[in-house]
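# Structural characterization, general
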2 protein chains.
Amino acid sequence: MAVCCVQRVSTSGRRLVILADGHLNFHFGKTAIGLLRYRAGDVVAVIDRESAGRDTQAALGVGGTTPIVATLTEALQYRPDALLLGVATRGGTIPVEWRPVLRAAVDHRLDLICGLHEFLGDDPELAMAAEAAGVQLIDVRKPAPDHTVAEYRPHRPGSTVITMVGSDCAVGKMSVALDVEAEATRQGMDMYFVATGQTGMMIAGNGIPLDRIIGDFMAGAVEGAVRDAAEAHDVVLVEGQGSLLHPAYSGVTLALIHGSQPDAMILVVKPAIDTIEDYPVPIPPVLKLIETYEAAAGWVKPARVIAVAVNSHGLPAEQARRIVEHIAIETGLPATDTFLFGARPLVDVIETFQNERR
Amino acid sequence: MAVCCVQRVSTSGRRLVILADGHLNFHFGKTAIGLLRYRAGDVVAVIDRESAGRDTQAALGVGGTTPIVATLTEALQYRPDALLLGVATRGGTIPVEWRPVLRAAVDHRLDLICGLHEFLGDDPELAMAAEAAGVQLIDVRKPAPDHTVAEYRPHRPGSTVITMVGSDCAVGKMSVALDVEAEATRQGMDMYFVATGQTGMMIAGNGIPLDRIIGDFMAGAVEGAVRDAAEAHDVVLVEGQGSLLHPAYSGVTLALIHGSQPDAMILVVKPAIDTIEDYPVPIPPVLKLIETYEAAAGWVKPARVIAVAVNSHGLPAEQARRIVEHIAIETGLPATDTFLFGARPLVDVIETFQNERR
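Here the structure is a predicted model, which is why all the values come from computation and not from measurement.

Now for the sheet that holds strand β8 (residues 160-166) of chain B. Residue and element names in this part refer to chain B. Ordered by their spatial adjacency, six strands build an open sheet running β9-β11-β8-β12-β13-β14, and the pairing between neighbours is parallel. Strands at the two margins of the open sheet, each flanked by one partner only, are β9 (191-194) and β14 (335-336). Sheet analysis places strand β13 (residues 304-310) next to β14, joined by two bridges and oriented parallel. The residue of β14 that forms the bridge with Ala 309 is Thr 336. Packed on one face of the sheet, helix α9 (residues 250-260) meets β8 and β11 (235-238) and runs near 170° to β8. Those strands touched by helix α11 (residues 317-331) are β12 (264-269), β13 and β14, and its axis lies near 165° from that of β13.

Another point: the packing of aromatic side chains. Counted under the stated rule, the structure contains three aromatic pairs over all chains. Taken together, a centroid distance of 6.5 Å and an interplanar angle of 65° make the contact between Tyr 152 of chain A and Tyr 279 of chain B edge-to-face. Pair noted here: Tyr 152 of chain A is in the loop between β7 (137-139) and β8 (160-166) and Tyr 279 of chain B is in the loop between β12 and α10 (286-298), and the two residues belong to different chains. Among the residues examined, Tyr 279 of chain B registers a relative accessible area of 3% and is labelled buried.

Under the fitted operation, chain A is carried onto chain B by 0.0 Å of movement along the axis and a turn of 180°, and the coordinates agree to an RMSD of 0.0 Å. Viewed as a symmetry operation, the transformation between the two copies matches a two-fold axis. A shared interface surface links the copies, since 100% of the contact residues of chain A are contact residues in chain B too.

Residues and elements named next belong to chain A. The N-to-C vectors of helix α1 (residues 30-38) and helix α6 (residues 173-186) enclose an angle of 10°; their axes lie 11 Å apart at closest approach. Taken together, the axes of α1 and α6 lie roughly parallel to each other. Residues Gly 34, Arg 37 and Tyr 38 of α1 form the contact with α6, whose own contacting residues are Met 174, Ser 175, Leu 178 and Asp 179. Classifying every residue of the contact of α1 with α6 gives three nonpolar, two polar and two charged.

On the side of chain B, 37 residues touch chain A, which itself brings 37 residues to the contact. Of the roughly 3,200 Å² buried between chain A and chain B, counting both surfaces, carbon and sulfur atoms make up 65%. Remark: the boundary between chain A and chain B carries two salt bridges. Across the salt bridge formed by Asp 216 of chain A and Arg 141 of chain B, the nearest N and O atoms sit 3.7 Å from each other. Seen at the junction of chain A and chain B, the total is ten residue pairs in polar contact (both at pLDDT 80 or more). Looking at the side of chain A that touches chain B, the elements with two or more residues in it are α8 (218-232), α9 (250-260) and α10 (286-298) of chain A. Among the elements that make up the side of chain A that touches chain B, the one with the highest residue count is α9 of chain A (six residues). Residue classes in the side of chain A that touches chain B are distributed as 22 nonpolar, nine polar and six charged.

Bringing the pairing of strand β5 (residues 82-85) of chain A into the picture now. All names here are of chain A. In β5, alternate side chains face the same way, and those of Ala 82 and Leu 84 on one face and Leu 83 and Leu 85 on the other are all buried. The pairing of strand β2 (residues 16-19) with β5 spans four bridges and is parallel. Its bridge partner lying in β5, Leu 16 is registered against Ala 82. In this sheet, strand β6 (residues 111-114) lies alongside β5 in parallel orientation, the contact comprising three bridges. Counterpart to Ala 82 in the pairing with β6 is Asp 111. Following the chain from β5 across helix α4 (residues 99-107) to the adjacent parallel β6, one finds a crossover that is right-handed.

Residues and elements named next belong to chain B. The residue Ala 307 is located in strand β13 in this model. Residues Ala 307 and Val 347, spaced 40 residues apart in sequence, show a C-alpha to C-alpha distance of 9.8 Å. Ignoring anything within four residues of it in the chain, the contact list for Ala 307 reads Met 265, Ile 266, Leu 267, Leu 333, Pro 334, Leu 346 and Val 349.

Attention now goes to the pairing of β8 of chain B. Residues and elements named next belong to chain B. Among the seven residues in β8, seven count as buried, and that is most of the element. Every second residue of β8 is oriented toward a common face, with Thr 160, Ile 162, Met 164 and Gly 166 on one face and Val 161, Thr 163 and Val 165 on the other, all of them buried. Note that β8 and β11 share four bridges and pair parallel. Bridge pairing in β11 links Ile 162 to Leu 237. Relative to β12, β8 is paired through five bridges, and the arrangement is parallel. Bridging from a neighbouring strand, Val 165 pairs with Leu 267 of β12.

Rules and cut-offs
- Counting of residues starts from 1 at the beginning of each chain's written sequence and follows it residue by residue.
- Written order decides the labels, with chains lettered from A and ligands numbered from 1.
- Thresholds applied to this predicted model are a pLDDT of at least 70 for local features of residues and 80 or more for the giving and counting of side-chain atom pairs; totals over whole chains, interfaces and linings are not thresholded and use all residues.
- The basis for every side-chain value is the complete set of heavy atoms in the structure, and neither hydrogens nor water enter the calculation.
- Two strands qualify as a pair provided that DSSP identifies no fewer than 2 bridges between them.
- In DSSP terms, a helix is any run of H or I states spanning at least four residues, a strand is any run of E spanning at least two, and both are numbered starting from the N terminus.
- Here a residue-residue contact requires only that any non-hydrogen atoms of the pair lie within 4.5 Å.
- All axes are obtained by fitting lines to C-alpha atoms, using only the stretch in contact for helices, and the reported angles, taken between N-to-C directions, cover 0 to 180 degrees.
- Note on aromatic pairs: the rings of Phe, Tyr and Trp (six-membered ring only in Trp) are paired at centre separations within 6.5 Å, and the planes decide the class, stacked below 30 degrees, edge-to-face beyond 60, tilted for the rest.
- Accessibility here uses a 1.4 Å probe with only protein chains present; expressed as a share of the type maximum, an area under 20% marks a residue as buried, one over 50% as exposed, and anything in between as partly exposed.
- Here the copies are superposed with least squares, the fitted atoms being C-alpha atoms of residues at a pLDDT of at least 70 in both.
- Throughout this description, any angle smaller than 35 degrees is read as roughly parallel, any larger than 145 degrees as roughly antiparallel, any in the 65 to 115 degree range as roughly perpendicular, and the remainder as oblique.
- Any residue outside Ala, Val, Leu, Ile, Met, Phe, Trp, Tyr, Cys, Pro, Asp, Glu, Lys and Arg is labelled polar, Gly included; the first ten of those are nonpolar and the last four are charged.
- Throughout, the accessible surface (probe 1.4 Å) given up by two parts as they are put together, summed over both, is called the buried area.
- By definition, a salt bridge exists where a carboxyl oxygen of Asp or Glu is found within 4 Å of a side-chain nitrogen of Lys or Arg.
- Any pair of nitrogen or oxygen atoms within 3.5 Å is treated as a polar contact; in protein, a donor-acceptor pairing is required on top of that, and neighbouring residues in sequence qualify only through side-chain atoms on both sides.
- Note on handedness: a crossover is taken as right-handed if, strands pointing away from the viewer, the path from the first strand over the helix to the second is clockwise.

See below:
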């Protein structure tokens, strides 16, 4: 597949140690947890003092027997070849207290992999040390120097593009997409996941760092990646970003929707939260969210929300099941929590949607 | 006024020659025309072979007796101290045929001022020549290296923020704002114009190049500029960008709306066009546009459209008057074409709106 703007990220076949010290939670630690959930085979250890001594399955419910250790020195016994910064900080800065660890990792000849807005390569000391040690500083979020304005060209006839949208950041849009992709692949469907964020790129091995791209070129970057994927695959599943209700990131979300020109959308909600993270902006009910996303997509090209994924993290399974059932009845759409109940309902509705369009 | 992200642009007190050769029209030449309309006193000549020999008033209806000449050599007789690239190309590239002119201008010791995405300073040959000649290469659209995430902090109580929105790019959102600012100032109102695009910045002397800023930080940059302006002024008028219906730039528009947190909006429409420039996306009727912008603003903070500005460029004055009257009746809002009929109705409605909020 020839792509102009999609970047490769060489995380595959690696022996990664994930640095998550002090950030191993389900919000800002979403990079660490995403890697552990979808690429556990490439992770040899996680660094976090607080949870050290346990394995990631016991501490986080993901990643099997991957050990958690307190220090880089301890992690070295697992013979890592790269250290991955497993955090998504507000504003994308590198935690200052991690600097000595990064420097030590370079001196131990580990490549560094970072998905933050702040680039490793911009630190002269680290860059010099990396050159001396012969290791790579991989800044996943550094966009290709590509200035493409969206052209609004149609996708290949016969292809189906589904874009993930959500009530907020960090509600699980990427995880749902990866769960759907895995289930679809099991069922023999030709589905391709287009990563649009740093964690998705680390997991998929390629993608575009949408929220890092210059405003005027965001939609163009998405359009290129999605159009190329639609040339080669029956179903393209586009990773979501942010939320239309997010005071800081809504512009990225709208560029994603208009750039991807979806044929349909899947909405991800997290009923346990009722305001946007860190902002006093109320999240409206599911029906209103559906109306909002369909209206916004429709300004450029009509697209329906065809299913709802529910993130019921933290709720008892029985309550989660009731919420999922309630949302399915309320919206008249298939609903599931892919983590608890699997992605099958979402794959089925995508298949039905595809068939209706033929 | 202490500002973190607002950039200064030293166009004031200059003797500018505007290079517009081959691009002197109302769409891509909007930078040249904006400067001629609002800063004619600083412009000594315009370069455009096609219109050479006439003055800008005769050729374009703006800029008074500013001469249009065919070449840089002819322009030099007017003793310019800087050459300003008067074009807004698609994708923001510097027209290749202009390269020799830029180089010659540097050799004649003129500073260069450019608002395109492609930066003068990134051209090694030009950069070396500029250094040798002791002149400046001023890239207006180069954003400050500032990574601020929007905080959604309220503006100063008592301040009123009005954001310009429009049916499309290049429909006159900036011109309407500048006309309103001039009229408000004549009436003694304390109004401040926040430039958010390269032409606005060249005219105002400062601002933020919003569409050049990284996706995640667009709303934060707008918020900072608007909040600082609202600290010091009664009414803040925010330059619009793009359109929510624009397949390539809608993300920039939504970031502008949510970042500026307007108390009200003014909608600019151009009835002579019915699809988005270069894209087969229909522009809906005025009432639907108002509904769209109010809905999108309301996802984060409610704001009404309080007036409609009509760009009736190219229509006879009588037809323009009928269209303005029709829109006023249809929407129940004050409407005007500021170029033909003045900005007074818009200033009046802003004053009324301010009083209602007290």
